[in-house]
Amino acid sequence: MSAVLGALDQVAARTHALLVAVAREGLARGLHQEAGFSHVDWVRLVCPGLASRTVVEIAMVARAAQQGVHEPLVDAVQSGSVPVHRAASVLRALTRIRPALGESEYAEASQLLTAAASNEKFDDRDLARITGKLVATCLSEKEQKDRARARHELRDVHESSLADGSVRRFVLTVGSDADYEAIRAVLRSPLAAPARREDSTPGESARQGGNGHPGEGGPQTGAPTLAELDTRTGGQRCYDAFMSVFRRGVAGTQGQPTTPKAQVMVTIGLQELRDAVGGVGHTVHEGAVPAHEVRQLACDADIIPAVLGERGEILDLGRARRLVTPGQRRALAHRDRGCSFPGCSVPATWCDAHHVVHWAHGGHSDLGNYALLCARHHTWVHQHDAMADVDAAGVRWKLR
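Calculation notes
- Residues numbered from 1 in each chain as written.
- Predicted model: local features only at pLDDT ≥ 70, side-chain atom pairs only at ≥ 80, totals over all residues.
- Heavy atoms only, no water.
- Helix = DSSP H or I, 4+ residues; strand = E, 2+ residues; numbered from the N terminus.
- Buried < 20%, exposed > 50% of the residue type's maximum accessible area, 1.4 Å probe, protein only.
- Contact = heavy atoms within 4.5 Å.
- Areas by Shrake-Rupley, 256 points an atom, 1.4 Å probe, with all protein chains shown as cover.
- Axes fitted to C-alpha atoms, helices over the stretch in contact; angles between N-to-C directions.
- Left-handed = near helix turned anticlockwise from the far one by under 90°.
- Nonpolar A, V, L, I, M, F, W, Y, C, P; charged D, E, K, R; others polar.
- Salt bridge = Lys/Arg side-chain N within 4 Å of Asp/Glu carboxyl O.
- Core = buried A, V, L, I, M, F, W, Y, C linked by side-chain atoms within 4.5 Å.
- pLDDT = per-residue confidence, 0-100.
- Expected span 1.5 Å × (residues − 1).
- Phe/Tyr/Trp six-rings, centres within 6.5 Å; stacked < 30°, edge-to-face > 60°.
- Lys NZ or Arg CZ within 6 Å of the ring centre and 35° of its normal.
- Pairing = 2+ DSSP bridges.
- Patch = residues over 30% accessible without salt bridge, like charges linked within 9 Å, V, L, I, M, F, W, Y side chains within 5 Å.
- Polar contact = N/O pair within 3.5 Å; in protein donor to acceptor, adjacent residues only side chain to side chain.
- Parallel < 35°, antiparallel > 145°, perpendicular 65-115°, else oblique.

Chemist: Looking at this model, I keep getting lost on the overall build of the protein chain. Mind explaining?
Modeler: Counting its regular elements, the protein chain contains 16 helices and 11 strands. Out of the 400 residues belonging to the protein chain, those deemed buried represent 39%. Counted over contacts in the protein chain with a minimum sequence separation of 6, partners at least 24 positions apart contribute 56%. Just so you have it, the protein chain exposes about 22500 Å², and 55% of that area is on carbon and sulfur atoms.

Next up, the structure:
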């Protein structure tokens, strides 16, 4: 059975490569323009059986072939040395850095990523780290912040209905990598794990995993798995996990949350954290978070930064010396009353304790270096590098 599945996987990969070759020729002949379609819609029209993501990736790679600088990458796809989805990942990274590079530098970047995508020693996670590092190196800190600010403006939640209106849907557009990782942390948390049945054995509660939907149980042999004991789908368990966090957050009196935020661990180099160079941090789920967002997240008591030295050794992994204590939180609530940003009325229980002088820059974890900020103004303060004077009377922000 395994051999058959492996052979079919090779057939599927070869089929996708052939689709790229044919689509490449069709786009070169302008068939999509004759039909009045974009390159993506044309591929979708002629290949209705393909999944939407596959359509986009095939169209992206085929279109990239129209530019000579991308021909080596597309040729590698057609020869079978680079899968279509890896080529699409490379092209997304190249699109981000192209405005910041000259033609020769861009060609070098394209060759570098093509070689990485062709290297069998690099899996998809390795390739994601390579592309993320290249993007962070090529884009300045200001460009990354500007891009992040533009993405932040796209954040949105809206409501729609399905069928006759009896089923409601909320569509969430995430505006930052940090928010995405926080949401994913909830969906991958024990709250989304298969429920333990009362008559199950203690060892069953540890069996989790899988590579599909967040929260899916992995295959096991012998005794029934948790996924078999819990009849909920992976999506239903993720929904229940999200609602558990949401309900606890709004259940407290006077707006006080009754559950901590989802915990996220981010690994980042010391110099990147100190803002000496551009860079990215990586979460345990292989997500990438830009360095400037990690510096904001480091203010949060439920974000654990694993700070690495030049040789990859861990310089700091922990919270005791860096993060606000429960006693300090109470003192801050008494002093600041709520968000310390001028004109904001968000109560203290919904605020973060922000290091005015950042911890990575030598700031101390004491009351004289803390200021309560709501999530919106916490983001604003980091975006604008705002500073403040803090004393026993409160916080006075220096707004430019």
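Picking up where we left off.
Chemist: Would you take a moment to explain the packing of helix α4 (residues 52–64) against helix α6 (residues 84–97) for this structure?
Modeler: The packing of two helices is summarised by the inter-axis angle and the distance between the axes. Running from amino to carboxyl end, α4 crosses α6 at an angle of 65°, the nearest separation of the two axes being 9 Å. Here α4 runs over α6; the crossing is left-handed. Between α4 and α6, the contacting residues are Arg53, Glu57, Ile58, Met60, Val61 and Ala64 on the first element and Val84, His85, Ala87, Ala88, Leu91 and Arg92 on the second. In terms of residue class, the contact of α4 with α6 is built from eight nonpolar, one polar and three charged.

Chemist: How should the pattern of salt bridges be read in this particular structure?
Modeler: Between side chains of opposite charge, a pair can form when the charged atoms approach closely. Enumeration over the complete set of coordinates arrives at 11 salt bridges. Ionic pairing is found between Arg29 and Glu25, a salt bridge with its closest N-O pair at 2.9 Å. Residue Arg29 is classed as exposed on the basis of its relative accessible area of 58%. Between Lys398 and Asp389 there is a salt bridge, with its nearest N and O atoms 3.3 Å apart. Each of the salt bridges in this network shares a partner with another, and the network as a whole consists of Arg53, Glu57 and Arg92.

Chemist: I tried to follow the environment of Thr54 on my own but got confused; where do I start?
Modeler: Take Thr54: it is sitting in helix α4. A residue is classified by how much of its surface remains accessible, and Thr54, at 18% relative accessible area, is buried. For the pair Thr54 and Val84, spaced 30 residues apart in sequence, the C-alpha separation works out to 8.4 Å.

Chemist: What am I meant to see in the nonpolar core here?
Modeler: Side chains of nonpolar character tend, in soluble globular proteins, to be buried together. In terms of nonpolar packing, the biggest core is built from 35 residues, with Val61 and Leu94 touching the most fellow members. Among the elements of the structure, α1 (2–28), α3 (39–46), α4, α5 (71–79), α6, α7 (103–118) and α8 (124–138) are those that each provide at least two residues to this core. Tallying contributions element by element places α6 first for this core, with seven residues. Those residues in contact with Leu94 that lie beyond four places of it in its chain are His70, Tyr106, Ala109, Ser110 and Leu113.

Chemist: What is the right way to read the confidence of the model for the protein chain from this model?
Modeler: Parts of the prediction with low pLDDT should not have their coordinates interpreted in detail. Confidence in the prediction for the protein chain averages 76 pLDDT; 70% of positions are at 70 or higher. Averaged pLDDT values over the elements of the protein chain bottom out at 45 in strand β7 (residues 314–317) and peak at 93 in α4. Low pLDDT, under 50, characterises residues 197–212; the predicted model gives this stretch 22 contacts beyond four residues in sequence or across chains.

Chemist: Looking at this model, I keep getting lost on α7. Mind explaining?
Modeler: Counting along an α-helix, one turn takes 3.6 residues, and residues three or four places apart therefore face a common direction. Spanning 16 residues, α7 covers 22 Å between terminal C-alpha atoms, matching the ideal 22 Å at 1.5 Å per step. Buried-residue contacts for α7 involve α5, α6 and α8.

Chemist: Is there a simple way to think about the packing of aromatic side chains in this case?
Modeler: Tallied over the entire structure, the rule returns one aromatic pair. Taking the centre distance of 5.3 Å and the plane angle of 70° together, the rings of Phe341 and Trp380 count as edge-to-face. Residue Phe341 is found in the loop between α15 (326–336) and β8 (352–355), and its partner Trp380 is found in helix α16 (residues 375–383); the two are separated by 39 residues along the sequence. Assessed through its relative accessible area of 11%, Phe341 is described here as buried. According to the relative accessible area criterion, Trp380 is partly exposed, its value standing at 28%. The ring centre of Tyr106 lies 4.2 Å from the NZ or CZ of Arg98, which sits over that ring.

Chemist: Honestly, the pairing of strand β10 (residues 387–391) in this entry has me stumped. Any pointers?
Modeler: In summary, the side chains of a regular strand alternate between the two faces of the sheet. The alternating pattern of β10 places Ala388 and Val390 on a buried face, while none of Met387, Asp389 and Asp391, on the opposite face, is buried. The hairpin turn running from β10 into strand β11 (residues 394–398), its antiparallel successor, is two residues long.

Chemist: Please explain unusual backbone geometry as it appears in this structure.
Modeler: Apart from glycine, the bulk of residues carry a negative phi angle, and the bulk of peptide bonds sit in the trans form. The phi dihedral of Arg337 is positive, around 70°, even though this residue is not glycine. Position of Arg337 among the secondary structure elements: in the loop between α15 and β8. Relative accessible area serves as the criterion here: at 61%, Arg337 is assigned to the exposed category. Phi at Asp385 is positive, roughly 50°, even though this residue is not glycine. Here Asp385 is to be found in the loop between α16 and β10.

Chemist: Help me understand a nonpolar patch on the surface in this model?
Modeler: Taken together, the side chains of Val157, Phe170, Leu172, Val174 and Tyr180 make up a nonpolar region of the molecular surface, amounting to roughly 480 Å² of accessible area. Here Tyr180 is to be found in helix α10 (residues 177–187).

Chemist: For this particular structure, what's the right way to read the side chain of Asp336?
Modeler: One can find Asp336 in helix α15. Here the side chain of Asp336 touches Leu372 through a polar contact of 3.1 Å, landing on its backbone nitrogen. In this structure Asp336 touches Ala371, Leu372, Gly394 and Val395, once residues within four positions along its chain are discounted.

Chemist: Explain the packing of α1 against α4 to me, please; I cannot follow it from the model alone.
Modeler: Packing of α1 against α4 brings their axes to within 8 Å, and their N-to-C directions diverge by 55°. Of the possible angle classes, the one that applies to α1 and α4 is oblique. The interaxial crossing formed by α1 with α4 has right-handed handedness. Residue-level inspection shows His16, Leu19, Val20, Ala23, Arg24 and Leu27 of α1 in contact with α4, the latter providing Thr54, Ile58, Ala59, Val61, Ala62 and Arg63.

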